[in-house]
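The chain contents come next:
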2 protein chains.
Amino acid sequence: MPRVAGLIAYDGTDFCGFQVQSEVPTVQGALEDALKELTGANCRVSGSGRTDTGVHARGQVIAVEAPWRHSLEALRQAWNQRLPDSILVRCLTEAPQDFHPRFSASERTYRYTTWAPAFEGDGGRRFPLVDRFALVLPKRPDLEAMNGAARLLIGTHDFATFGQAPQGENTVRRIVSLFWEQVEESLPVLDQYPSERLVLTFSANAFLRRMARNVAGSLLAVGLGRWQADELAAALNAKDRSLSAPPLPPNGLVLERVQYAEYPDLFSAHISC
Amino acid sequence: MPRVAGLIAYDGTDFCGFQVQSEVPTVQGALEDALKELTGANCRVSGSGRTDTGVHARGQVIAVEAPWRHSLEALRQAWNQRLPDSILVRCLTEAPQDFHPRFSASERTYRYTTWAPAFEGDGGRRFPLVDRFALVLPKRPDLEAMNGAARLLIGTHDFATFGQAPQGENTVRRIVSLFWEQVEESLPVLDQYPSERLVLTFSANAFLRRMARNVAGSLLAVGLGRWQADELAAALNAKDRSLSAPPLPPNGLVLERVQYAEYPDLFSAHISC
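Residues numbered from 1 in each chain as written. Chains lettered and ligands numbered in written order. Predicted model: local features only at pLDDT ≥ 70, side-chain atom pairs only at ≥ 80, totals over all residues. Heavy atoms only, no water.

Helix and strand counts for chain A come out as five helices and ten strands. The C-alpha atoms of chain A give 20 Å as radius of gyration, which agrees with the globular expectation for 273 residues (19 Å, within 12%). Counting only C-alpha atoms and orienting by the principal axes, one finds that chain A spans roughly 60 × 45 × 35 Å. The buried share of chain A, reckoned over its 273 residues, is 56%. Long-range pairs, those at least 24 residues apart, make up 73% of the contacts in chain A with a sequence separation of at least 6. Within the structure as shown, chain A displays about 11800 Å² of accessible surface, and the carbon and sulfur contribution to it stands at 46%. (Helix = DSSP H or I, 4+ residues; strand = E, 2+ residues; numbered from the N terminus. Rg over C-alpha atoms; globule rule 2.2 N^0.38 Å. Buried < 20%, exposed > 50% of the residue type's maximum accessible area, 1.4 Å probe, protein only. Contact = heavy atoms within 4.5 Å. Areas by Shrake-Rupley, 256 points an atom, 1.4 Å probe, with all protein chains shown as cover.)

Written out as structure tokens, the structure is:
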């Protein structure tokens, strides 16, 4: 049976996260169900990491051993035909010897997208064409203050304040880059609908559970003037999970990319990825 | 009973269009149901026009007469609390004497969003984080050719080739502006996911049924080299609905704005619109 590595995208809105749980829809469950339909076999799909309920991915990496005698391109197409529209197998490749999507990963990159409205003071509103993949903020945050605070978190730290480690692991992680930027929309948004897109990009060797959303929420607390940067530093140093600012909701978060230092060209031969 | 005009946004994915039909979910139906829950009365909500199944709106305009004794801001909030997340009442105002959202409208503006992928030759793919509000094209179309063809349609013409008139109306409409543009995304899209956003903006005094999607499909046929511009002109002149290129699917289409020449400041006093 060939062992295959795959690059996966999904709209996580309607899934209870990546990892299989009984009785609820998960991305891993949908991938395994479609593969069972296709091959008749119960194949275990492993991922680079779990994503929470409602979190999206453009670049989740998986591996699976499946009884398949045709080409990987044929497997990709047949698999996609049996998956819900919200999940896409972008490309497949033969997995290198000893490759594991989680344990071989050297770096993960997430993005959190927010919109700052052109008006203020109407915090609790929904925005039907925006909410699925972004958080609309109550007002424009201070980008410089957030990036100043972000620099305090870059590097190797014990991030116990911001997330939970899998059993048997410690809570030390290395954040490689962390910054907010305003993304220009050269298309004017009519009638002052939310108008400035502010995006947080974070890369780390690995993320604790909830870490991405807690870090994003804590930086935003600084940007909105609810926290000073030194309160963020104190919270980090306290290593106390009760001291994180509230996590941002999952809708704005996308797992963009997983990197494998040992296999830098894992999917690069696949032009259609 | 006060007569109220409203500005509405919705994600049309899960609705069978704006206009009420029995047994299927519609935007108008959801607005009326929520209002009935709120006031106990059967109120008829009229709109500026029907949108097709799956078409979205940022700026649909409605009017309704409802038994309501409190402020319009209180009505807006209470109504929004009872609506599904996919529909938002952006703002409400007292309707001017003789105002009708459809018959008073002088101009409608739609946008159709497409993405040209960085690669070619994999046309039938789904893109989970893109598909809801845009069409992914099989390859990059020729923008200049599309805008050359678009100029042939601007002005007052009989658009019978491209759509159906409501009973008792003719098929003459006036297109005020019609152009494709590339919208820069200064945020690089990782791993060559669809990478150039190409948007068609069209304004007309009114649209025939299906006209926006048929015109978009016909211009795209020119852009992809399937049609020459003079074939588009011939199709227009033939006034024969069988001669339109296939309509584009609804997911990329958004009703952005409805203008009322007689009431230019209808919602402008509402900072939170």
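The next subject is the pattern of salt bridges. Oppositely charged side chains may form a pair once their charged atoms are brought near each other. Tallied over the entire structure, the rule returns 26 salt bridges over all chains. Notably, a salt bridge pairs Arg58 of chain A with Glu256 of chain A, separated by 2.7 Å at the nearest N-O pair. One end of the pair, Arg58 of chain A, is in strand β3 (residues 56–65); the other, Glu256 of chain A, is in strand β10 (residues 253–259), and 198 residues separate them in sequence. Residue Arg76 of chain B pairs with Glu73 of chain B through a salt bridge whose shortest N-O separation is 2.8 Å. (Salt bridge = Lys/Arg side-chain N within 4 Å of Asp/Glu carboxyl O.)

Take helix α3 (residues 143–153) of chain A next. Residues and elements named next belong to chain A. Among all positions in α3, only Leu143, Met146, Asn147, Ala149, Ala150 and Leu153 are buried. Seen end-on, α3 carries its buried residues on one side only, within an arc spanning 160°. Among the exposed residues of α3, those oriented more than 90 degrees off its buried face are Glu144 and Arg151. Of the residues that open α3, the one with a side-chain oxygen 3.1 Å from the backbone nitrogen of Glu144 is Asp142. Gly155 lies just past α3 and shows a positive phi near 110°. (Arc of directions from axis to C-beta. Polar contact = N/O pair within 3.5 Å; in protein donor to acceptor, adjacent residues only side chain to side chain.)

To continue, consider the environment of Arg126 of chain A. Along the chain, Arg126 of chain A turns up in the loop between β5 (107–116) and β6 (135–136). By relative accessible area, Arg126 of chain A is classed as buried at 14%. In the structure, Arg126 of chain A is positioned 92 residues away from Ser218 of chain A in sequence and 22 Å away in space, judged by C-alpha atoms. Only 3.3 Å separates the side chain of Arg126 of chain A from the backbone oxygen of Pro84 of chain B, close enough to count as a polar contact. A polar contact of 2.6 Å, which involves the side chain of Arg126 of chain A, links it to the backbone oxygen of Ile87 of chain B.

Residue and element names in this part refer to chain A. Here strand β7 (residues 155–158) runs beside strand β8 (residues 172–183); their pairing, made up of four bridges, is antiparallel. Bridge pairing in β8 links Asp158 to Val172. In the sheet, β8 pairs with strand β9 (residues 196–204) via eight bridges, with the strands oriented antiparallel. For Glu181, the partnering residue across the bridge sits in β9 and is Val199. (Pairing = 2+ DSSP bridges.)

Accessible area lost upon the coming together of the parts is a frequently used measure of interface size. Residue and element names in this part refer to chain A. Splitting chain A by domain gives domain 1 (3–104) and domain 2 (107–257). Placing a centre on the C-alpha atoms of domain 1 and another on those of domain 2 gives a separation of 27 Å. With 16 residues of domain 1 at the interface, the matching set in domain 2 holds 16 residues. Each partner contributes to the roughly 1300 Å² buried at the junction of domain 1 and domain 2, and carbon and sulfur atoms together form 42% of this total. Contact with domain 2 buries surface across domain 1, with Asp52, His56 and Arg58 losing the most and accounting together for 37% of the total. Linking domain 1 to domain 2 there are six salt bridges. (Domains from an automatic or database assignment. Buried area = accessible area lost by both parts, 1.4 Å probe.)

The subject of this paragraph is the confidence of the model for chain A. Residues with a pLDDT of 70 or more make up 93% of chain A, whose mean pLDDT is 92. We note a pTM of 0.91 for the whole complex and an ipTM of 0.85 for its interfaces. (pLDDT = per-residue confidence, 0-100.)

As a further point, take the environment of Val130 of chain A. Within the secondary structure, Val130 of chain A sits in the loop between β5 and β6. In this structure, Val130 of chain A is in contact with Trp115, Val136 and Tyr193 of chain A, ignoring residues within four places of it in sequence.

Our focus in this paragraph is the packing of aromatic side chains. Inspection of every chain in the model, using the stated rule, returns 14 aromatic pairs over all chains. In this structure an aromatic cluster arises from ring pairing among Phe99, Tyr260 and Tyr263 of chain A. (Phe/Tyr/Trp six-rings, centres within 6.5 Å; stacked < 30°, edge-to-face > 60°.)

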